[in-house]
Protein chains: 2
Amino acid sequence: MDGEKFTSVGLRTLITPEGELLLTLEEESIGDISPDEVVIRVEASSMNPTDIGLLLGPADLAEMAAISHNGRPGLRAPIPPEHMSSLELRSRIGKSLPVGTEGAGTVVGAGENAVDLIGKTVSTMSGGMYAGFRRVNAGACTVLPTGTSAKDGASMYVNPLTALSMIETMRREGHEALVHTAAASNLGQMLNRICINDGIPLVNVVRSEEQIKTLRSIGAKYIVNSSAQTFFQDLKAAITATGATLAFDAVAGGSMADTILRAMEDALGASQTAFSRYGTAILKQVYIYGSLNPEPTVLTRTYGSSWMVGRYLVLNALQKFGEETTLSLKNRIVRELSTTFASSYKGTLSLNDVVNPDFAKEYTKKSTGSKFLVHPSL
Amino acid sequence: MDGEKFTSVGLRTLITPEGELLLTLEEESIGDISPDEVVIRVEASSMNPTDIGLLLGPADLAEMAAISHNGRPGLRAPIPPEHMSSLELRSRIGKSLPVGTEGAGTVVGAGENAVDLIGKTVSTMSGGMYAGFRRVNAGACTVLPTGTSAKDGASMYVNPLTALSMIETMRREGHEALVHTAAASNLGQMLNRICINDGIPLVNVVRSEEQIKTLRSIGAKYIVNSSAQTFFQDLKAAITATGATLAFDAVAGGSMADTILRAMEDALGASQTAFSRYGTAILKQVYIYGSLNPEPTVLTRTYGSSWMVGRYLVLNALQKFGEETTLSLKNRIVRELSTTFASSYKGTLSLNDVVNPDFAKEYTKKSTGSKFLVHPSL
């Protein structure tokens, strides 16, 4: 089927060999539609940290400037030279990349095997969702239940699947409780709702009294404030009470992972009667899944003989789980979309807004409760 | 059986609540011999880094002083106050601990079920081997082949089992080649001999031209000098040539693990055609098994979405493998004791020497080729 009639404006990010990052809006045909494909008019796409990272992660935000590109607004910002040596950036040079991991909208075109989807509201995690129209495989779409808006389905993959995959990982790797940092985030609140439902002990690490209130109001039991003088002792007490030997850490830089491992080993050691110079043999695992603090991770290695720190990516985790488990997680998300997996947003941006330096200053702030929605058809 | 006739002098290490470390020689009966036990007259015990760590690891070596204790020589040294907060040290306070992970000697006494071992030369990894006599379970002893001396069997567990367990771990965790740091050590030379025998690509990281020569002379193919200006490029080239995605790192502190992970990701990324902002999905694993550099480990997290850094302890690894695999590794060690698993020593120390500050300065030097043997019956 001919997709020429769907001419779409989409957001692109590009790094030049000179070390400049460009965000532009490009007009393009969505191309031919294969029998198994559909065309979605994108009506809501979320701004996850991973998207913001792709948009502006390496740029010097203080130097952002508005530009005009083919008669549309755009943005340019320099990349500090020391960042340009990273493998990720070097491999991106000269490649114009689409943005927008997940989103939802109305099916407005379809190949012959997918015509029954026309008119339906669907969501997908196919990437490139910061665009007016998006051609994707029908099999990659989830049809939203009647009465569910595109906005409701804009965030139904990244955060919900991440939260559920953490619990699945916990079970598969033999842990019985977990620690979560930056725990008042959208994701953190979902994780609390899952853990309360499923009876899983969860230690929430936050950095303010206000965040403690937020979590307390949704029923969280163990909340520890990393800004408090008593942080280490509070954390150890909560780990002792829960038996947590697994942590998911979005802070990443500095000593957070180290502090968690020390608290776990202290908690485990206190219940161990015989002296062992190698410490406890129980595996203590920290998975780093974000990078709120971009500084290096510092490990003092003072927590015995059995610990591991690694990067966690939900896509890799799902691949390990396999298709059947992934589908069952997705089905749970659809069932609990308006309860466990509800998201809230600070505001809605058009594509013009996303490339506006003033809005960019807002959405790049790494603070809890500041998640934005993008409406590419606005 | 009555073991009273075996009065033994053994070395003990003790940390006082005031933060002083004491090495003393204590006279004690080895106690009653159960039917399944034997008494070994210890004639050779090796000084592994783990033993030296237990002897003097936390102490301020510049402040070591000779003492006299019950008419025998001893040693005391202060522990810097900042070390005393570690969980390991706090849990050691007031506990007089024996030292000497592994060793060999002649069986001079036995319970009724083990009398056939009397007169045999055996080796064991039962701990507490820095003592004239040691009572152990017969099942924990390996009878050395005829013509093998106690000295030959003094190091047959810690290094050989560690080297073999690294290869076993490599196979079980799906890697096909490996990187090893501090690679000219006794352990590193064994690992080269195993890898050459078994056809496993091994990247050796050393820090001097002399160490390169040592490894070259035993047939090592990939050797990289971390002191060279071209270290990173050399390492990347060797990793590209071998496909190594697993490393065992004895350096531990500073940026070694980070550098290895960056080189692995660079090597993997170069062979990847499509751009992925998450980097490669292939797991890159660094196991830290020593602590030649006691500084914290610093991780920049610039190596994609799939990496892990953790502590490696041979005892934990063997437990994971199970008894059957462990036994087959031990059998291989006995078969190849004078070839693959031969150790060389800088000298032999008596127990009096071990607690002598002048000798202590020597054996605590963390340099390749300076391994000492202890002869507790001297």
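Please refer to the structure placed before this passage.
Residues numbered from 1 in each chain as written. Chains lettered and ligands numbered in written order. Predicted model: local features only at pLDDT ≥ 70, side-chain atom pairs only at ≥ 80, totals over all residues. Heavy atoms only, no water.

Caption draft 1: Seen up close, helix α6 (residues 231–242) of chain B. Residue and element names in this part refer to chain B. Counted at 1.5 Å a residue, the expected span for α6 with its twelve residues is 16 Å, and the 16 Å between its end C-alpha atoms agrees. Restricting attention to buried positions, one finds in α6 the residues F231, F232, L235, A238, I239 and T242. Mapping the buried residues of α6 onto a view down its axis gives an arc of 130 degrees, with all of them on the same face. Of the surrounding secondary structure, the elements contacted by the buried residues of α6 are β11 (178–181), β12 (202–206), β13 (222–225) and α7 (256–270). Just downstream of α6 lies G243, where phi reads positive at about 75 degrees. (Helix = DSSP H or I, 4+ residues; strand = E, 2+ residues; numbered from the N terminus. Expected span 1.5 Å × (residues − 1). Buried < 20%, exposed > 50% of the residue type's maximum accessible area, 1.4 Å probe, protein only. Arc of directions from axis to C-beta. Contact = heavy atoms within 4.5 Å.)

Caption draft 2: Geometry of helix α8 (residues 314–321) of chain B. Residues and elements named next belong to chain B. For α8, the complete set of buried residues consists of V314, N316, A317, L318 and F321. In this structure, the buried side of α8 is in contact with α3 (158–172) and α9 (323–335). At the C-terminal side of α8, G322 shows a positive phi close to 95 degrees.

Caption draft 3: Quick look at the interface of chain B and chain A. Between chain B and chain A, the residue contacts involve 43 residues of the former and 43 residues of the latter. With both chains or domains summed, chain B and chain A bury close to 3,500 Å², and 58% of this area falls on carbon and sulfur atoms. Linking chain B with chain A are two salt bridges, by the criterion used here. A salt bridge links R90(A) to D266(B); the shortest N-O distance between them is 3.8 Å. There are 15 residue pairs in polar contact (both at pLDDT 80 or more) connecting chain B and chain A. Ranked by residues supplied to the side of chain B that touches chain A, first place goes to strand β17 (residues 293–299) of chain B with seven residues. Among the residues making up the side of chain B that touches chain A, the classes are represented as 18 nonpolar, 14 polar and eleven charged. Direction of pairing for strand β18 (residues 307–311) of chain A relative to strand β18 (residues 307–311) of chain B: antiparallel, over a ladder of three bridges. (Buried area = accessible area lost by both parts, 1.4 Å probe. Salt bridge = Lys/Arg side-chain N within 4 Å of Asp/Glu carboxyl O. Polar contact = N/O pair within 3.5 Å; in protein donor to acceptor, adjacent residues only side chain to side chain. Nonpolar A, V, L, I, M, F, W, Y, C, P; charged D, E, K, R; others polar. Pairing = 2+ DSSP bridges.)

Caption draft 4: A look at the sheet that holds strand β15 (residues 252–254) of chain B. Spatially, β15(A)-β17(A)-β17(B)-β15(B) is the arrangement adopted by the four strands of the open sheet, whose pairing is mixed. Of all the strands in the sheet, just β15 (252–254) of chain A together with β15 of chain B have a single pairing partner and so form its edges. Strand after strand, the sheet turns through a mean of 55 degrees between neighbouring axes, direction not considered. Pairing between strand β17 (residues 293–299) of chain A and β17(B): three bridges, direction antiparallel. Along β17(B), the bridge assignment pairs T297(A) with L299(B). Lying over the sheet, helix α7 (residues 256–270) of chain A contacts β15 and β17 of chain A, oriented at roughly 40 degrees with respect to β17(A). (Axes fitted to C-alpha atoms, helices over the stretch in contact; angles between N-to-C directions.)

Caption draft 5: How the structure looks around the packing of aromatic side chains. Tallied over the entire structure, the rule returns ten aromatic pairs over all chains. Their ring planes at 75 degrees and their centres at 4.9 Å tell us that F248(A) and Y312(A) sit as a pair that is edge-to-face. Linking F248(A) in strand β14 (residues 246–249) with Y312(A) in the loop between β18 and α8 (314–321), this pair joins segments that are 64 residues apart in sequence. By relative accessible area, Y312(A) is classed as buried at 6%. Between the aromatic rings of Y287(B) and Y312(B), the centroid separation amounts to 5.3 Å while the plane-to-plane angle is 55 degrees, which identifies the pairing as tilted. Of the two residues, Y287(B) sits in strand β16 (residues 284–288) while Y312(B) sits in the loop between β18 and α8, which places them 25 residues apart along the sequence. Taken together, the ring pairs connect F248(A), Y287(A) and Y312(A) into an aromatic cluster. (Phe/Tyr/Trp six-rings, centres within 6.5 Å; stacked < 30°, edge-to-face > 60°.)

Caption draft 6: Expanded view of the sheet that holds strand β2 (residues 20–29) of chain A. Residue and element names in this part refer to chain A. The five strands are arranged β4-β5-β2-β1-β6 in an open sheet whose pairing can be described as antiparallel. One side of each edge strand has no neighbouring strand; the edge strands of this open sheet are β4 (65–69) and β6 (97–98). In this sheet, β2 lies alongside strand β1 (residues 7–15) in antiparallel orientation, the contact comprising nine bridges. Within β2, the residue paired with G10 across the bridge is E26. Sheet strands touched by helix α1 (residues 49–56): β1, β2, β5 (72–78) and β6. Its angle to β2, the strand with the most contacts, is close to 105 degrees.

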